[in-house]
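Observations on the model geometry
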Amino acid sequence: MALDQLYQQTILEHNRKPRNYGHLTGATHAARGHDAMCGDDILMELIVEDGCIRQAAFSGDACAVTKATASMLTDWLPGRQASDIADWSNQFQALLKDHTLPDAPELADLNQLRPVSQFPARVRNALLPWTTTLRALNQPEGTNP
Amino acid sequence: MEIVKSGVREQLDVLRLRDQFPVLSREVHGKPLVYLDNAATAQRPLAVIEAMDRFYREYNANVHRGVHLLSVEASEAFEQSRKAVRRLLNARSEREIVFTRGTTEAINLVANSFLRPNLKAGDEILVSHMEHHSNIVPWQLLCEQTGAVLKVMPINRQGELLLDEVESLISERTRLIGIVHVSNALGTVNPVAELCRLAKRHDVPVLVDGAQATPHEKVDVQALGCDFYALSAHKMYGPTGIGALWGREELLEAMPPWQGGGEMISRVSFDGTTWNDLPHKFEAGTPNIAGSIGFGAAVKWLEEVGVTRIAEHEAKLLDYATKRMLEVEGLTIIGQAANKGPVISFTLDGVHPNDLGTIIDHHGVAIRTGHHCAMPVMQFFGVPATARVSFACYNLRAEIDHFLDALEKARTMLT
Ligand SMILES: Cc1ncc(COP(=O)(O)O)c(C=O)c1O
């Protein structure tokens, strides 16, 4: 059943014990992502050096889909070029919109969020950590969210 | 018009009533639908669906403009609906009933036509902390444009209006008080009559947001002593996109039109235009004719079923659900006013409302999750969102049991 795919073990695990949950000392970029309608409210923090993301963390209160996405995303971001994230975000979004596309191996665990595509009302939750990351990156270094 | 037999009011025959709501027999995700999102919008009985269908099939025409039979019939049905809404609210005259798109538009009408023309910088508008955004944002817009000030009437942790503190907030600059009759986010039934008495002593007009009240109680605007009353048909088993503003005739009479166009005029020339009589002065353009007819049908349907009997049934559901929910570990009811309508907002430890809503939907249970268009009251209780169940005449105790089972399944799944 679709519901079991959405709330599969991996996603539930990330929800219960999110990775990289908390704050970074020396974060160079940060942004707050607030989805008032759903009640999701997260803070994404990043350390970027020479255009490369070194560390990522998130905090806040959110639903399982947002939390699992933020958890997986903050695991995946370190080592990526900041300038590539917009493209990756578009690719992730495409995977959530079109279930006939093959998985994108480079997105690793994030592919596990694809069952969200069967829950149109929840797609926004999986996108929130991505859009928040992009906003953090687009802000001048050191701006407080 | 309630059916009273041998002096004892008959109880609502809910199972028979349910047959009148086609949508209630459908399944969602392979489970029977349990519809507990009635505060967002109620379902429609056949009487409403068929009245609108009949209009389109048999006498669809524009109103108040033709001499032909169809137009005469449509105009007659349209005005009959206005009469029904007058009865619903016990207004003195049909001239006081203005059709609008709903509560939101009714409030905006008051903001723009009643307050705006005379509002000055430093004037004050009072609303409660538990208002729906539709009774906050129109005033904020007005304040931004005029320099007037929006002030907030406080509430307590139960979600009740602190009536004793209202008086000290009223000043000689207070131009209007806006109050929700029954809160959609908390269920609180506000002491509107008392508030109106207090306001009257200071000569301050009161607008009541009645969106959540008319489906659950007999409203009498004269007894309440308010000046404006706003409502939406879709909350009371009627169609969407139609509602009404009731206003005291002398106030409406003195107010300028707020939208210009056809229907609202009496004579137009380039030298000047004169306005139509009440209530048409406020109804520019071709109205929502089918919607109004459906609205009238919903009022008649409510009269036949009896809103008091409905309220008794819903009060039992509310009691039962409240008692059972208070037994659920980790469940907190947000809004525990002594006087409540059939609405329960709640949070459940470890389960975000969004996930709860999705999971129990798959067990057939439709509830609302989020901020319920009342973000200030969510902020007051320090919660980003809640889940909310709300009951209507057709809900059953068994549905509450089913909802609670689904809730446990969601918890098991997530924790
Ligand atoms: C208390 C309250 N006021 C106002 C409204 C707005 O009604 P409408 O959207 O029909 O204009 C609602 C409905 O959501 C409500 O519950």
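Quick caveat: nothing in here was measured; it's all calculated off a predicted structure.

Thresholds applied
- Residues numbered from 1 in each chain as written.
- Chains lettered and ligands numbered in written order.
- Predicted model: local features only at pLDDT ≥ 70, side-chain atom pairs only at ≥ 80, totals over all residues.
- Heavy atoms only, no water.
- Near = heavy atom within 4 Å.
- Polar contact = N/O pair within 3.5 Å; in protein donor to acceptor, adjacent residues only side chain to side chain.
- Areas by Shrake-Rupley, 256 points an atom, 1.4 Å probe, with all protein chains shown as cover.
- Nonpolar A, V, L, I, M, F, W, Y, C, P; charged D, E, K, R; others polar.
- Salt bridge = Lys/Arg side-chain N within 4 Å of Asp/Glu carboxyl O.
- Helix = DSSP H or I, 4+ residues; strand = E, 2+ residues; numbered from the N terminus.
- Buried < 20%, exposed > 50% of the residue type's maximum accessible area, 1.4 Å probe, protein only.
- 1 Å grid on protein atoms, 1.4 Å probe; cavity = no way out; pocket = protein on both sides within 12 Å on 5 of 7 lines; lining within 4 Å.
- Points joined across faces, edges and corners; volume = space filled by probe spheres on them.
- Domains from an automatic or database assignment.
- Contact = heavy atoms within 4.5 Å.
- Buried area = accessible area lost by both parts, 1.4 Å probe.
- Core = buried A, V, L, I, M, F, W, Y, C linked by side-chain atoms within 4.5 Å.
- Pairing = 2+ DSSP bridges.
- Axes fitted to C-alpha atoms, helices over the stretch in contact; angles between N-to-C directions.

1. Side note on the site of the ligand
Residues and elements named next belong to chain B.
- The environment of the ligand is formed by 13 residues, the closest being Thr104, Asp209, Gln212, Ser232 and Lys235.
- Residue glutamine 212 places a side-chain N or O atom 2.7 Å away from an oxygen atom belonging to the ligand.
- Contact with the protein chains covers 84% of the free accessible surface of the ligand, which is 390 Å².
- Class assignment of the residues belonging to the shell around the ligand gives a composition of two nonpolar, nine polar and two charged.

2. Some thoughts on the pattern of salt bridges
Residue and element names in this part refer to chain A.
- Tallying each qualifying case throughout the model produces 30 salt bridges over all chains.
- Across the pair arginine 19 and aspartate 75 runs a salt bridge, and its minimum N-O distance is 3.1 Å. Of the two residues, arginine 19 is situated in the loop between helix 2 (9-16) and strand 1 (29-35) and aspartate 75 in helix 3 (residues 64-76); the sequence distance between them amounts to 56 residues.
- Overall, the relative accessible area of 40% leaves aspartate 75 in the partly exposed class.

3. Looking at empty space enclosed by the protein
Residue and element names in this part refer to chain B.
- This structure, assessed with the given rule, holds two cavities of 30 Å³ or more.
- A volume near 50 Å³ is recorded for the largest cavity.
- In terms of lining residues, the largest cavity is bounded by 13 residues, among which Asn38, Ala39, His216, Lys235 and Phe391 are the most central.
- The residue inventory of the lining of the largest cavity, partitioned by class, reads eight nonpolar, four polar and one charged.

4. Overview of the domain arrangement of chain B
Residue and element names in this part refer to chain B.
- Assigned domains of chain B: these are domain 1 (4-38 + 306-414) and domain 2 (49-303).
- If you average the C-alpha positions of domain 1 and of domain 2, the two centres end up 28 Å apart.
- Listed per partner, the contact involves 35 residues of domain 1 and 30 residues of domain 2.
- Summing both partners gives a buried area of about 2,600 Å² for domain 1 against domain 2, and 60% of it is carried by carbon and sulfur.
- Considering only the side of domain 1, the residues that lose the most area to domain 2 are Val307, Phe380 and Phe381, jointly responsible for 22% of the buried surface there.
- Run the count over domain 1 and domain 2 and you get zero salt bridges.
- Linking domain 1 to domain 2 there are 18 residue pairs in polar contact (both at pLDDT 80 or more).
- Those elements that provide at least two residues to the side of domain 1 that touches domain 2 are helix 11 (307-326), strand 16 (343-348) and helix 13 (375-381).
- Classifying every residue of the side of domain 1 that touches domain 2 by side-chain character gives 23 nonpolar, nine polar and three charged.

5. Some details on the layout of surface pockets
- Roughly 460 Å³ of internal volume is contained in the largest pocket.
- Residue lining of the largest pocket: 21 residues in total, with Ala121 and Arg122 of chain A together with Gly357, Thr358 and Thr369 of chain B positioned closest to the centre.
- Elements that contribute at least two residues to the lining of the largest pocket include exactly helix 12 (353-361), strand 17 (365-366) and strand 18 (368-370) of chain B.
- At four residues, helix 12 of chain B tops the list of elements feeding residues into the lining of the largest pocket.
- Approximately 340 Å³ is the volume attributed to the second largest pocket.
- Lining the second largest pocket are 23 residues, and of these Thr104, His132, Ser232, His234 and Lys235 of chain B sit closest to its centre.
- Per element, the largest residue contribution to the lining of the second largest pocket is three residues, and it comes from helix 4 (residues 103-115) of chain B.
- Residue composition of the lining of the second largest pocket, by class: six nonpolar, eleven polar and six charged.

6. Side note on the nonpolar core
All names here are of chain B.
- By size, the foremost hydrophobic cluster in this structure holds 85 residues, and its most contacted members are Leu89, Tyr229, Tyr237 and Phe295.
- With ten residues, helix 10 (residues 289-305) is the single largest residue contributor to this core.
- Mapped onto the domain boundaries, this core takes at least three residues apiece from domain 1 (4-38 + 306-414) and domain 2 (49-303).
- Apart from residues lying up to four places away in sequence, tyrosine 229 is in contact with Leu89, His181, Val208, Gly210, Ala213, Thr214, Val219, Val221, Leu224, Ala244, Leu245 and Trp246.

7. Quick notes on the sheet that holds strand 11 (residues 228-232) of chain B
All names here are of chain B.
- With mixed pairing, seven strands are arranged side by side in an open sheet as 6-12-11-10-9-7-8. In this open sheet, the two strands that pair with only one neighbour each are strand 6 (97-100) and strand 8 (149-153). Across the sheet, the axes of successive neighbouring strands diverge by a mean angle of 20°, strand direction being ignored.
- Here four bridges tie strand 6 to strand 12 (residues 243-247), and the two strands are oriented antiparallel to one another. In the sheet register, phenylalanine 99 faces strand 12, and the bridge partner there is alanine 244.
- Each of strand 6, strand 11 and strand 12 touches helix 3 (residues 69-89); the most contacted strand, strand 6, lies at about 115° to it.
- The sheet strands contacting helix 4 are strand 6, strand 7 (124-128), strand 9 (174-180), strand 10 (206-209), strand 11 and strand 12, and the helix crosses strand 11 at an angle near 150°.

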